[in-house]
Amino acid sequence: MGKVLIIGAGGVATVAAHKVAQNADVFTDIMIASRTLSKCDAIVKAIGNPTIKTAQVDADDVEQLVALFESFRPDIVMNLALPYQDLTIMDACLRTGVNYLDTANYEPKDEAHFEYSWQWAYKERFEQAGLTAILGCGFDPGVTSVYTAYAAKHHFDEIHYLDIVDCNAGNHHKAFATNFNPEINIREITQKGLYWENGKWIETEPLEIHRPLTYPRVGARESYLLHHEELESLVKNYPTIKRARFWMTFGQEYLTHLRVIQNIGMASIVPIDYNGMQIVPLQFLKAVLPNPQELGENYDGETSIGCRIRGVKDGKERTYYVYNNCSHRAAYEETGMQGVSYTTGVPAMIGAMMFLKGIWRKAGVFNVEEFDPDPFMEQLNKQGLPWHEIFDGDLEL
Ligand code: NDP
């Protein structure tokens, strides 16, 4: 049905490559390209399908990307590198007539700040080129946005309150590690909190607002209000939303390490001079922390991520909770990666599948909630991320 090029060879790309290879009726030709060729080759070896091609590319360099796209001629590129590469890859897509998908919105390297404006600015150019760009197709953003679209389509006339709740109740048995790229992860968590209420954004100090929330099959976990990118597009696409918030769980041990890291300046992204060399403390920290790709082996427990929604249907108030629980061990047994990479890589594959099947295909730049959620929800059940619903329960929020 179509040719796919995966860019990146980290945890998320590894899972996506496994799932793409499992759906050979849709993905007829596959290439994995990243900065380090040996990592792409290792993924192909782990999958055991020698027809998957590999290539070396620096995705910060548009000319290198253009040359690669012209030689492989993919139908769609799955950008599973880092948010820093979003714009260069989108530029190369426009130059070569290739469709685009990613899991995280653009972030400049020298400023810990993410927002959609940079990528939404490509809308007209993608429209004019007749190309599709699918933004934020991981779990959060991604599945949480599709859950919201599904709720709006089937269960509500108006959504009023949206709380996205993200719990990782897993244990990797390390003193401190992040579940995806440490640099991106620590930049996200140490930012100020932000939520939407009554038509405006309200800022909080980092991790200032928190409360225990109860997660299915997990129990109560302290959950912290964070700014998360899908809130920006969801409040725009669902203007009836009065309040939208994002919550993530953290253990005390994790928070203590994070506080120390910040207090000693290791979370800084301002370059310092070290023995005549410019180094960024956070990038150095990444180099000494455990590699998220290697956490899988001893990871037990599960993730539980979902949307808690309150609104009205047929004139009556109702609540709805839709969620998935994902076992780290099951993810590792299937793909060699832990649950956080799994919950991101599977939806990325489904998004590309939706495009190649012609179901999610329109010219322009879109967040995932702007497409029909039903076929995507159906695939979540088939591809390893089954979802569950609770109607009119206590949302705690
Ligand atoms: P990793 O750090 O494990 O992998 C990133 C990969 O990108 C590495 O293979 C790296 O190469 C490659 N890369 C980095 N820079 C370049 C470059 N200039 N050119 C080519 N390749 C490059 O990250 P993850 O797999 O954990 O995360 C991947 C993406 O998924 C991130 O954008 C992250 O924010 C996003 N994410 C989204 C989630 C969601 O739910 N929406 C959840 C979790 C992650 P090398 O191996 O040489 O370092």
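Residues numbered from 1 in each chain as written. Predicted model: local features only at pLDDT ≥ 70, side-chain atom pairs only at ≥ 80, totals over all residues.

1. Re the domain arrangement of the protein chain
Size of an interface, as often reported, equals the accessible area lost when the parts are brought together. Assigned domains within the protein chain: domain 1 (2–135) and domain 2 (143–337 + 386–391). In this complex, domain 1 contributes 15 residues to the contact, which on the side of domain 2 involves 14 residues. The greatest single-element share of the side of domain 1 that touches domain 2, amounting to five residues, is contributed by helix α1 (residues 11–22). Partitioned by chemical class, the residues of the side of domain 1 that touches domain 2 number eight nonpolar, five polar and two charged. (Domains from an automatic or database assignment. Contact = placed C-beta atoms within 7 Å. Helix = DSSP H or I, 4+ residues; strand = E, 2+ residues; numbered from the N terminus. Nonpolar A, V, L, I, M, F, W, Y, C, P; charged D, E, K, R; others polar.)

2. Description of the site of the ligand
Around the ligand, 34 residues are found, and the nearest of them are Gly10, Val12, Ala59, Gly138 and Phe180. At the level of elements, α1 and α13 (339–356) are the ones that each hand at least two residues to the shell around the ligand. Partitioning the shell around the ligand into residue classes produces 16 nonpolar, 13 polar and five charged. Shared between two domains, the shell around the ligand takes at least three residues from each, and those domains are domain 1 (2–135) and domain 2 (143–337 + 386–391). (Near = placed C-beta within 6 Å.)

3. Remarks on the nonpolar core
Counting residues in hydrophobic clusters, the biggest one holds 113 residues, and the most contacted among them are Ile7, Ala16, Ile32 and Met78. Ranked by residue count, the leading element in this core is α13, at 11 residues. Viewed by domain, this core spans two of them, domain 1 (2–135) and domain 2 (143–337 + 386–391), each represented by three or more residues. Non-local contacts of Ile7, meaning those with residues more than four positions away in its chain, are made with Ala33, Ser34, Val57, Ala59, Val77, Met78, Asn79, Leu80, Ala81 and Ile89. (Core = buried A, V, L, I, M, F, W, Y, C linked by C-beta atoms within 7 Å. Buried ≥ 20, exposed ≤ 12 C-beta atoms within 10 Å, placed from the backbone.)

4. Examining the pairing of strand β2 (residues 27–34)
Counting buried positions along β2 gives six out of eight residues, so the element sits mostly inside the fold. Where strand β1 (residues 2–7) lies against β2, six bridges are found, and the strand directions are parallel. Paired with Val4 across the bridge in β2 is Ile30. Between β1 and its parallel partner β2, the chain crosses via α1, and the hand of that crossover is right-handed. For the crossover that starts at β2, traverses helix α2 (residues 37–47) and ends in the parallel strand β3 (residues 53–56), the hand is right-handed. (Pairing = 2+ DSSP bridges. Right-handed = clockwise from strand over helix to strand, strands pointing away.)

5. Considering the packing of α1 against α13
Orientation of α1 relative to α13, taken along the N-to-C sense of each, is 50 degrees, at an axis distance of 7 Å. Our classification of the angle between α1 and α13 gives oblique. In terms of crossing hand, the pair formed by α1 and α13 is right-handed. Contacts between α1 and α13 pair Gly11, Val12, Thr14, Val15, Ala16, Lys19 and Val20 from the former with Ser341, Tyr342, Thr344, Gly345, Val346, Ala348 and Met349 from the latter. Here the contact of α1 with α13 is composed, by residue class, of eight nonpolar, five polar and one charged. (Axes fitted to C-alpha atoms, helices over the stretch in contact; angles between N-to-C directions. Parallel < 35°, antiparallel > 145°, perpendicular 65-115°, else oblique. Left-handed = near helix turned anticlockwise from the far one by under 90°.)

6. A short note on the environment of Ala175
Tracing the backbone shows Ala175 in the loop between β7 (158–168) and α8 (182–189). Judged by local crowding, Ala175 falls into the exposed class, with 10 C-beta atoms found within 10 Å. Residues Ala175 and Pro290 lie 115 residues apart in sequence; the distance between their C-alpha atoms is 9.8 Å.

7. Digging into α2
All buried positions along α2 are accounted for by Cys40, Ile43 and Val44. Seen from one end, α2 has its buried residues packed into an arc of 100 degrees, which puts them on one side. What points out from α2, more than 90 degrees from its buried face, is the exposed set Ser38 and Lys45. At the C-terminal side of α2, Gly48 shows a positive phi close to 80 degrees. (Arc of directions from axis to C-beta.)

8. Here's the deal with the environment of Ile186
Mapped onto the secondary structure, Ile186 falls in helix α8. Residue Ile186 is classed as buried on the basis of its C-beta count, with 22 C-beta atoms lying within 10 Å. The spacing of Ile186 and Ala267 is 81 residues in sequence and 7.1 Å in space, taken between C-alpha atoms. Not counting chain neighbours up to four residues away, the residues in contact with Ile186 comprise Thr178, Ala267 and Leu282.

9. Focus on the packing of helix α3 (residues 62–72) against helix α4 (residues 86–96)
Their axes nearest at 9 Å, the elements α3 and α4 cross at an angle of 45 degrees. Of the possible angle classes, the one that applies to α3 and α4 is oblique. Two packed elements cross with a definite hand, and for α3 against α4 that hand is right-handed. Contacts between α3 and α4 involve Val62, Leu65, Val66, Phe69 and Glu70 from the first element and Thr88, Ile89, Asp91, Ala92, Arg95 and Thr96 from the second. Taken together, the residues of the contact of α3 with α4 break down into six nonpolar, two polar and three charged.

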